[in-house]
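# Survey of secondary and tertiary structure
Here's the letter readout for the chains.
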There are 2 protein chains.
Amino acid sequence: MSEALRVAVAGLGTVGAETVRLLAKRREVIASHAGRPVDVVAVSARSRGKDRGLDLSGIDWADDPLSLATRDDVDVVCELIGGSDGVAKTLVETAMAAGKSVVTANKALLAHHGSDLARKAEAGGVTLAYEAAVAGGIPIIRALREGLVVNEVSRVYGILNGTCNYILTAMRESGRAFDDVLAEAQELGYAEADPTFDVDGIDAAHKLALLSALAFGHAVDFKAVHTEGIRSISALDIAYAEEFGYRIKLLGIAERTPEGIRQRVHPCMVAKAAPIAQVEGVFNAVMAEGDAVGTTLHYGRGAGAGPTASAVIGDVVDIASGRGAPVFGVPAERLSTSREAPWESMRGGYYVRLMVIDRPGVLADVTAIMRDQNVSMESMVQRGRDPHEKVPVALTTHEVDEASMRKALADIAKLDAVQEPPAMIRIVDL
Amino acid sequence: MSEALRVAVAGLGTVGAETVRLLAKRREVIASHAGRPVDVVAVSARSRGKDRGLDLSGIDWADDPLSLATRDDVDVVCELIGGSDGVAKTLVETAMAAGKSVVTANKALLAHHGSDLARKAEAGGVTLAYEAAVAGGIPIIRALREGLVVNEVSRVYGILNGTCNYILTAMRESGRAFDDVLAEAQELGYAEADPTFDVDGIDAAHKLALLSALAFGHAVDFKAVHTEGIRSISALDIAYAEEFGYRIKLLGIAERTPEGIRQRVHPCMVAKAAPIAQVEGVFNAVMAEGDAVGTTLHYGRGAGAGPTASAVIGDVVDIASGRGAPVFGVPAERLSTSREAPWESMRGGYYVRLMVIDRPGVLADVTAIMRDQNVSMESMVQRGRDPHEKVPVALTTHEVDEASMRKALADIAKLDAVQEPPAMIRIVDL
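Under an unreviewed UniProt entry, the name given to chain A is Homoserine dehydrogenase, and the source organism is Thalassobaculum litoreum DSM 18839. Note on chain A: under the UniProt heading Sequence similarities (unreviewed entry), the record states "Belongs to the homoserine dehydrogenase family."

Okay, structure coming up:
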């Protein structure tokens, strides 16, 4: 058996601690797979005194995580600090410049600096692995990068944020409002104290930017991801979705169109019978559609210490075994500049829900505006009657382009009888 | 860019032909991923004259597939002939002995000779890759072998045969009988003229033997797989399944028990809401349960030229890129001898359907037999009444061991009023 692979772990939050714990606990089976032992030789975290339930005897403690990047006794650095810049970025760059491979769970870092880091990994002759960055429990990076190589992928999409999916699932099951369910999710530890990254779709957009680059071979382009979150989803809309035969899911979708690649994260109405609609609670799922392979779905836990540490260690074992691949499947210089499909020309069905004064003529005004924008209605429901009071009206449209729909919504919003900004959710055919 | 990887393809059925076609069509993107061109230099098939719609110009034709194994101008042999012995086996062994890596879609070969072939691959210092052998459209081999390394897997199971799943789905949707649907599947090309390997569960058992070896690190042990097929499933039982809230699926299940590893392929009743119950038609799905990662599901097409060729080429690109792994994750000498869990002590719920003469006292006799074997009934349904004629009675039991259930069924079968051998389907809690 060859010499041990020497690993440094930067960041001992739940994922870092679980990584260290599992590398020790499963040392023997890991060595069998890797053909050599894998040893944690050094760790670094903010607070040395904190009790993490970890046995760190025989492992060096570094107060400065950056010192891990240049130690002679380290082969691989696991960056589990997080954040798109700052210490995490410096650590990764310094380690790679020093000839060390890096394993990271940091989607923000890769979404913002992926192509640059890929070039730096190649320059250093090292591996930069990040299976844990996207849906930890799902080996989707290796599936896209290695398993589907020969396929021309038409679309990759999925439920990429467990917090949002938990909230949407709980809202549907309980009929409660977003704020109420978010507060509960925070208590249960499924949502952060500051939930912005999750509920505003940013975390999902980070992950989608990576999946799109892998699927379509373009340079990571986080800015090109059109991103909307779930704060505006109401209990009313969830109830209407059920009535129309849909579920509301926050999806990340990257698709090849004749106009270029379109990347988007927003709430979607998907048919209840679609496989992705069955994915509930904190689970993630990623679907990829390839011309040779057809549709594939990968489902599992997206976050949490166990799934994420499992993915980190899978990457470490790849490195120990000498299995490497270019960061985004092909050398960085071969990544194309993605031609971004214009947002306005996107076509699809729409769900719209209005709060209108219940009086004659209102629906005639609404439908006239839609006709003027060539928006063709598929169905309309007005629940209850309450003359001269505010009542909800929900409708779905046939396929129309985003620009026309937005114009129609802007005009509808100006009607006197329309009491709140219209709610709009895109219907996605999966 | 390094020198080309030179590939020989033995067998030009639908999979072999699609492999050759895609390697040419996607030559450039494959070279980007592999870091070197991948060229087919030689092929072999039974009939040279057959029109496969393939451009074979510049590719050598070998009348004898075995000659591919020893050619100096070949680095990798793709064995797409099939069969557990004979030419396929000789070809694979000869190629590996000659220092060539092998990619195969041949589950029968690996199920019967996997451990021996793994040793031979190691002796030859070559890779033996077989992603295409199990659920071609699903990269489950690399997921289990590389992605879940650190996990202690408790169970791996799935729908491993698209033909059976197509038949069961069509039977449920149409209410038709097995023979009728099988004939249709044969016409549509979803079932072979001789359907034995598929409908008797043998193909699924081959695949399960490989998944079990990978998940639990034991030597492949096809003989240990308890195998039952779907020929005995009736339209009546499918209707009862719906009524009890179940779907009938042919599952392959490998699980770790306190008594050892249990491998089995048989029709199962699974709760309608279980993710695996949603997998319909020719699709395959594999679920793996690991202690770190939790439950993961992988879903896609299991067979067909495109998905299988996609998997073959993924393996070829791994070899071209220098990514290799031991055949079953760990060196062959480290594969344990699987301790086979005794079949009789397996516990679970059971569905039983009898055809009985509708007269007083019959159910009392049946329930008395079950009581004597400590089989506790959960529910019973007798549809319709037809005094002194044959009527169906369906029941489900609470958890009981297989031995007691079999004894009860044997005794029930002996009752005068019981007109046909009892139908029994195991209820599996997923």
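Let's pick the thread back up.
The method is simple in principle: a probe with the dimensions of a water molecule rolls over the atoms, and the space it marks as empty is what remains. Counting across every chain of the model gives six cavities of 30 Å³ or more. The computed volume of the largest cavity comes to approximately 110 Å³. Around the largest cavity sit 15 residues that line it, and T127, A129, R145, D315 and D318 of chain A are the ones nearest its centre. For the lining of the largest cavity, the element with the highest residue contribution is helix α5 (residues 140-147) of chain A, accounting for four residues. By residue class, the composition of the lining of the largest cavity is five nonpolar, two polar and eight charged. Estimated volume of the second largest cavity: approximately 80 Å³. Lining the second largest cavity we find R323 of chain A together with T127, L128, A129, R145, E146, D315, D318, I319, R323, G324 and A325 of chain B. The set of elements that each furnish at least two residues to the lining of the second largest cavity consists of β6 (128-129), α5 (140-147) and α11 (305-320) of chain B. Ranked by residues supplied to the lining of the second largest cavity, first place goes to α11 of chain B with three residues. A per-class count over the lining of the second largest cavity returns four nonpolar, two polar and six charged.

Residue and element names in this part refer to chain A. Taken as a whole, the largest pocket spans an internal volume of roughly 1,600 Å³. In terms of lining, the largest pocket is formed by 50 residues, of which the most central are T14, V15, I81, K107 and E192. Secondary-structure elements contributing two or more residues to the lining of the largest pocket are α1 (14-25), α4 (107-124), α6 (162-174), α8 (196-199), α9 (202-216) and α11 (305-320). Per element, the largest residue contribution to the lining of the largest pocket is four residues, and it comes from α11.

This part takes up the UniProt feature "binding site: L-homoserine" (unreviewed entry) in chain A. Residue and element names in this part refer to chain A. Sites flagged by UniProt as "binding site: L-homoserine" (unreviewed entry) map to E192. Looking at where E192 falls in the secondary structure, it is placed in the loop between α7 (178-188) and α8. On the basis of relative accessible area, E192 is assigned to the exposed category, the value being 51%.

All right, on to the pairing of strand β7 (residues 153-159) of chain A then. Put simply, side chains in a regular strand alternate between the two faces of the sheet. Residues and elements named next belong to chain A. Counting buried positions along β7 gives six out of seven residues, so the element sits mostly inside the fold. As paired elements, β7 and strand β11 (residues 283-290) share six bridges and run antiparallel to each other. Opposite R155, over in β11, you have E289 as the bridge partner. Sheet analysis places β7 next to strand β9 (residues 246-257), joined by four bridges and oriented antiparallel. Bridged to Y157 within β9 is I253.

This part covers the pattern of salt bridges. Two side chains that carry opposite charge are able to pair once their charged atoms sit near each other. Residues and elements named next belong to chain A. Here the structure, examined in full by the defined rule, presents 85 salt bridges over all chains. E146 is the partner of R145 in a salt bridge, and the nearest nitrogen-oxygen pair spans 2.9 Å. Grouping residues by exposure puts R145 and E146 together as buried. For D358, the salt bridge identified is with R385, shortest N-O distance 2.7 Å. In this pair, D358 sits in the loop between β13 (347-357) and α12 (362-372) while R385 sits in the loop between β14 (377-382) and β15 (390-397), placing the two residues 27 residues apart along the sequence.

On to the domain arrangement of chain A, then. Residues and elements named next belong to chain A. As assigned here, chain A comprises domain 1 (5-133), domain 2 (140-301) and domain 3 (347-427). Spacing between the C-alpha centres of domain 1 and domain 2 amounts to 28 Å. Every contact between the two is made by 10 residues of domain 1 and, on the other side, 13 residues of domain 2. In terms of surface lost to domain 2, no three residues of domain 1 exceed A111, Y130 and E131, which account for 51% of the buried area on that side. Taken together, domain 1 and domain 2 are joined by two salt bridges. A salt bridge links D203 to K107, with the nearest nitrogen and oxygen atoms 3.9 Å apart. Between domain 1 and domain 2 we count four residue pairs in polar contact (both at pLDDT 80 or more) in total. Counted by class, the side of domain 1 that touches domain 2 contains five nonpolar, three polar and two charged residues.

Between chain B and chain A, which share one sequence, the superposing operator has a rotation angle of 180 degrees and an axial displacement of 0.0 Å; the RMSD is 0.0 Å. What the superposition gives is, in effect, a two-fold axis relating one chain to the other. Here 100% of the interface residues in chain B have copies in chain A that are interface residues too; the copies meet face to matching face.

Here we come to the packing of aromatic side chains. Residue and element names in this part refer to chain B. For the structure shown, the criterion picks out 12 aromatic pairs over all chains. Their ring planes at 25 degrees and their centres at 6.4 Å tell us that Y240 and F244 sit as a pair that is stacked. Of this pair, Y240 and F244 both sit in helix α10 (residues 235-244), four residues apart, which is roughly one turn of that helix. An identical accessibility class is assigned to Y240 and F244; each is buried. Residues Y240 and Y351 carry aromatic rings whose centres are separated by 6.5 Å and whose planes lie at 50 degrees to one another, so their mutual orientation is tilted. Of this pair, Y240 sits in helix α10 while Y351 sits in strand β13 (residues 347-357), placing them 111 residues apart in sequence. Of the residues examined, Y240 reaches a relative accessible area of 0% and is grouped as buried. Residue classification places Y351 among the buried residues on the basis of a relative accessible area of 0%.

Residue and element names in this part refer to chain A. On inspection of all chains with the given rule, the structure shows zero disulfides over all chains. Sulfur of C164: no disulfide; nearest cysteine sulfur belongs to C268 and is 12 Å away. Relative accessible area serves as the criterion here: at 0%, C164 is assigned to the buried category.

Contacts between the two partners involve 49 residues from chain B and, on the opposite side, 49 residues from chain A. For the pair chain B and chain A, the two sides together bury roughly 4,000 Å², of which 58% comes from carbon and sulfur. Across the chain B-chain A interface, the total number found is six salt bridges. Across the pair E146 of chain A and R323 of chain B runs a salt bridge, and its minimum N-O distance is 3.9 Å. At the boundary of chain B and chain A, one finds 13 residue pairs in polar contact (both at pLDDT 80 or more). Elements represented by at least two residues in the side of chain B that touches chain A include exactly α1 (14-25), α2 (27-34), α5, β12 (294-301) and α11 of chain B. Per-element accounting of the side of chain B that touches chain A gives the leading share, eight residues, to β12 of chain B.

Moving on, we come to α6 of chain A. All names here are of chain A. With 13 residues, α6 should cover 18 Å at 1.5 Å per step; its first-to-last C-alpha distance of 18 Å lies within 8% of that length. Among the 13 residues that make up α6, 10 are buried, leaving the element largely enclosed by the rest of the structure. Looking only at α6, the buried set comprises G162, T163, C164, N165, Y166, I167, L168, T169, A170 and M171. Against the buried residues of α6 lie β7, α7, α8, α10 (235-244), β9 and β11.

Residues and elements named next belong to chain A. The sites that UniProt annotates as "binding site: NADP(+)" (unreviewed entry) are A10, G11, L12, G13, T14, V15, G16 and A17. Of the annotated positions named here, the largest pocket is lined by A10, G11, L12, G13, T14, V15 and G16. Those residues in contact with A10 that sit more than four places away from it in its chain are S44, P65, L68, C78, E79, L80, I81 and L91. Considering the arrangement of structural elements, one finds G16 in helix α1. Using a relative accessible area of 1% as the deciding quantity, one classes G16 as buried. Setting aside residues no more than four positions away along its own chain, G16 makes contact with V9, G11 and L80.

The rules we used
- Residues numbered from 1 in each chain as written.
- Chains lettered and ligands numbered in written order.
- Predicted model: local features only at pLDDT ≥ 70, side-chain atom pairs only at ≥ 80, totals over all residues.
- Heavy atoms only, no water.
- UniProt positions renumbered as here; feature names shortened; annotations may be inferred.
- 1 Å grid on protein atoms, 1.4 Å probe; cavity = no way out; pocket = protein on both sides within 12 Å on 5 of 7 lines; lining within 4 Å.
- Points joined across faces, edges and corners; volume = space filled by probe spheres on them.
- Helix = DSSP H or I, 4+ residues; strand = E, 2+ residues; numbered from the N terminus.
- Nonpolar A, V, L, I, M, F, W, Y, C, P; charged D, E, K, R; others polar.
- Buried < 20%, exposed > 50% of the residue type's maximum accessible area, 1.4 Å probe, protein only.
- Pairing = 2+ DSSP bridges.
- Salt bridge = Lys/Arg side-chain N within 4 Å of Asp/Glu carboxyl O.
- Domains from an automatic or database assignment.
- Contact = heavy atoms within 4.5 Å.
- Buried area = accessible area lost by both parts, 1.4 Å probe.
- Polar contact = N/O pair within 3.5 Å; in protein donor to acceptor, adjacent residues only side chain to side chain.
- Least-squares fit on C-alpha atoms with pLDDT ≥ 70 in both.
- Phe/Tyr/Trp six-rings, centres within 6.5 Å; stacked < 30°, edge-to-face > 60°.
- Disulfide = S-S within 2.5 Å.
- Expected span 1.5 Å × (residues − 1).

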